[in-house]
Every structure is written in structure tokens, then in C-alpha cells.
Amino acid sequence: MDVRYKNPIPTLKKIKMKHNLHLLILFVLFITGCKTAPTTPMPDSHTLTIFAAASLTDAFTEIGESFEAANPSVTVTFNFGGSQTLRTQIEEGAPVDVFASANAKEMDTLVTGSFIASNTPQIFLTNQLVVILPTNNPAGIEKLEDLAKPGIKLVLAAEEVPVGRYSRESFALMDTAFGNDFLSTVLANVVSNEDNVKQVVAKVQLGEADAGIVYTSDSVAAPGLKSIEIPAELNVIAKYPIAPLVNSENTELAQVFVDYILSAEGQAILEKWGFGPIQ
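In this text the structure is predicted, and so the values were computed from the model without any measurement. (Residues numbered from 1 in each chain as written. Predicted model: local features only at pLDDT ≥ 70, side-chain atom pairs only at ≥ 80, totals over all residues. Heavy atoms only, no water.)

Engineer: How should I be thinking about the sheet that holds strand 9 (residues 226-229) in this particular structure?
Structural biologist: Picture the strands of a sheet paired through backbone hydrogen bonds; they go either parallel or antiparallel. If you trace the 5 strands from one edge of the open sheet to the other, you get 7-6-8-5-9, paired in mixed fashion. A strand with exactly one partner marks an edge of an open sheet, and here the two such strands are strand 7 (190-194) and strand 9. Taking each pair of neighbouring strands and ignoring which way they run, the sheet shows an average axis angle of 30°. Direction of pairing for strand 5 (residues 129-133) relative to strand 8 (residues 211-215): antiparallel, over a ladder of 4 bridges. Bridging from a neighbouring strand, Ile 132 pairs with Gly 212 of strand 8. (Pairing = 2+ DSSP bridges. Helix = DSSP H or I, 4+ residues; strand = E, 2+ residues; numbered from the N terminus. Axes fitted to C-alpha atoms, helices over the stretch in contact; angles between N-to-C directions.)

And the structure:
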């Protein structure tokens, strides 16, 4: 009997053709699957490192939280200290994205050393001096002239610290106004020279000093202390510059942070903490 298969056994050539067809189908499915996969990568996380004058501690901490809320992939870290100390750390190679100084001197030094581009520093706030006293005011200080009384324990920031230099400039103005060798007498009452303005505040809070000279913003941040205002003609206006670092690994983000500081929102936070507007 002549038996014939309804489905004859495929030849080797047909098998190869079917095999190739299967491979082609798999390849198309693979390519199609790749195209339908999500193409938007998750945002990269960034850590932004800010070196800032100690007087900016409270305001910048709040600004950092606000900036992180607006930029969820960014973590802002701060190093607060005397501007001169921060400048030295930058010169020694500390990785920094943005530097905010309490004076122009430290910023200018970094520009000269090519750590900061000459066209980038911008003044972002002003500040001025105030006398702070312990809550119970044991020395009975009522006016600026009382700072020169014998036995007064006065704490200042060191002369190389911006606020320390401003304090001495203000005393020189008082010397002209008050006479009686005010400058030499008041400086003789200095019992401690601190590394930054926050340490001056701490000494007064702990009762280790009868008075200290700090920024208005530091007085706002320590409402438990008494204060004596220094009139404009005897005061010194501090202008704070800010700039991104040349070697920042987050150059664009660093500039975004600087822009935020200069924005209406950033300026409002600074004003809240007792800083003055840009002049």
C-alpha cells in the first residue's frame, strides 16, 4: 500500500528556514521589549557642600531645608565656622561647592588663589554689630560707655575673625565720640578672644562674660539675652559675599543654590533671622 503522510517530514532546508524565522521573531520581540521599557532614569542624588560663616548658622540651616524640599534629589551639608578658618580649609583642599563669607577679605584671597572665579562673588546680605548682655546683667551695663568701666569682663571674636575686626573698628569710632582713652580702656577689659561669633554668644549665655559684641543676627538667634544697640554712626556694616568654587563637582547646582539665596524667598529667610538687605 502506498501510504502518504498528510504532513510530510520537513526537509533540512525547511527546518533551517523555520529556525531562522523563530530567531527573527525573538529578536523583534526583544527589540520591542526594550523600546517599551521605561526610558526616563531616576534622578541622580547630589550632595551640595556649603562652607558658611558661623553667623549664618540658623538662617542657612533653614534655607538648606527649604532648598532640599524644592530639590528632593539634593542633600545640603554645611560647615559653619570663622570665615578665616573656612578659607584656610578650602586652600588646603577641602571639597566645597559654595563659600559664603562674612567679609570680602577671605573671598578675595580665594579669588587670588584661583579657588573662586573673579566674576562670581556676589554680596547677598548685610549685617551690623550689637552688644549682648547676660539676662540678669550682673555688671549693670546700661550704655556703651559702661563697657570701659574697670572690672568689666568683655568677650570679643579674635581680631582675624571678621566680627572681631569689625568690633575693634566700632570701638575706634566710639573712642573718637567718647574720648577719655575709651579704645585702650575697653580693650583692656577683653578677657577672651573667640574663634567665631557663636562662641562669643555662648560665653555670654554661660555667664562667663559681662558683655560681648556680635552681629544683630546672632542677637535675634539668642532672644534670651539682653542687648544694647550701637547707633549707625558708631557701627560697622558687614557685607557678606557668596560664590561657587571653581573645582566644585556640582557647578550648576552650586549656582542654583546661590541664585536661591539671592531670590525673594531666600532673602525673606535671611531677613527673618535679622540680616539686612543687599546694599
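Engineer: Explain helix 2 (residues 57-70) here, please?
Structural biologist: Since there are 3.6 residues in each turn of an α-helix, residues three or four apart along the chain are aligned in direction. Under the 1.5 Å per step criterion, the end-to-end length of helix 2 is 20 Å for 14 residues, consistent within 8% with the ideal 20 Å. Buried within helix 2 are the following residues: Ala 59, Phe 60, Ile 63, Gly 64 and Phe 67. Summarising the axial view, the buried residues of helix 2 lie within an arc of 135°, below the 170-degree limit, and thus occupy one face. Summarising the geometry of helix 2, the exposed residues directed more than 90 degrees from the buried face are Glu 65 and Ala 69. (Expected span 1.5 Å × (residues − 1). Buried < 20%, exposed > 50% of the residue type's maximum accessible area, 1.4 Å probe, protein only. Arc of directions from axis to C-beta.)

Engineer: Just checking my understanding: could you explain the sheet that holds strand 3 (residues 98-100) for this structure?
Structural biologist: Across the sheet, 5 strands lie side by side as 2-1-3-10-4; this open sheet has mixed pairing. Each edge of the sheet is formed by a strand with only one pairing partner; in this case those strands are strand 2 (74-81) and strand 4 (122-127). Across this sheet, the average inter-strand angle for adjacent strands is 20°, counted without regard to direction. Across 8 bridges, the pairing between strand 1 (residues 46-53) and strand 2 is parallel. Residue Leu 48 lies in a different strand from strand 2, and its bridge partner there is Val 76. Helix-sheet contacts for helix 2 involve strand 1, strand 2, strand 3, strand 4 and strand 10 (238-244), and the interaxial angle to strand 2 is about 170°. Where helix 4 (residues 104-112) meets the sheet, its contacts fall on strand 3 and strand 10, and the angle it forms with strand 10 comes to roughly 30°. (Contact = heavy atoms within 4.5 Å.)

Engineer: What is the right way to look at the pattern of salt bridges in this model?
Structural biologist: Think of it this way: side chains of opposite charge can pair up when their charged atoms draw near. Per the stated rule, a full pass over the model turns up 9 salt bridges. For the salt bridge of Lys 198 with Asp 218, the shortest nitrogen-to-oxygen distance reads 3.1 Å. With Lys 198 in helix 7 (residues 197-205) and Asp 218 in helix 8 (residues 216-221), the pair connects residues that are 20 residues apart, well separated along the chain. Residues joined in a network through salt bridges with shared partners are Asp 58, Lys 198 and Asp 218. (Salt bridge = Lys/Arg side-chain N within 4 Å of Asp/Glu carboxyl O.)

Engineer: Got a minute to help me understand the nonpolar core in this structure?
Structural biologist: The tendency in soluble globular proteins is for nonpolar side chains to be buried side by side. Counting residues in hydrophobic clusters, the biggest one holds 67 residues, and the most contacted among them are Leu 56, Phe 60, Phe 124, Tyr 240 and Phe 257. Considering every element that reaches this core, the biggest residue donor is helix 9 (residues 251-262), with 6 residues. With near-sequence residues (within four places) excluded, Phe 124 lies in contact with Leu 56, Phe 60, Ala 100, Tyr 240, Pro 241, Ile 242, Ile 261, Leu 262, Gln 267, Leu 270 and Ile 278. In this structure, Phe 51, Leu 86, Val 96 and Ile 116 belong to the second largest nonpolar core, which totals 10 residues. (Core = buried A, V, L, I, M, F, W, Y, C linked by side-chain atoms within 4.5 Å.)

Engineer: I tried to follow the packing of aromatic side chains on my own but got confused; where do I start?
Structural biologist: Each aromatic ring pair is summarised here by two numbers: the centre-to-centre distance and the angle between the ring planes. This structure, assessed with the given rule, holds 12 aromatic pairs. Joined through ring pairs, the aromatic side chains of Phe 60, Phe 67, Phe 78, Phe 80, Phe 124, Tyr 166, Tyr 215, Tyr 240, Phe 257, Tyr 260 and Phe 275 make up one cluster. (Phe/Tyr/Trp six-rings, centres within 6.5 Å; stacked < 30°, edge-to-face > 60°.)

Engineer: How do you make sense of the packing of helix 2 against helix 10 (residues 264-272) when you look at a structure like this?
Structural biologist: Angle between the axes and distance between the axes: these two values describe a pair of packed helices. At a minimum axis separation of 9 Å, helix 2 and helix 10 run at an interaxial angle of 150°. The orientation of helix 2 with respect to helix 10, classified from their angle, is roughly antiparallel. Crossing geometry of helix 2 relative to helix 10 is assigned as right-handed. Here Ala 59, Phe 60, Glu 62, Ile 63 and Ser 66 of helix 2 come into contact with helix 10, specifically with Glu 265, Gly 266, Ile 269, Leu 270 and Lys 272. Here the contact of helix 2 with helix 10 is built from residues that sort into 5 nonpolar, 2 polar and 3 charged. (Parallel < 35°, antiparallel > 145°, perpendicular 65-115°, else oblique. Left-handed = near helix turned anticlockwise from the far one by under 90°. Nonpolar A, V, L, I, M, F, W, Y, C, P; charged D, E, K, R; others polar.)

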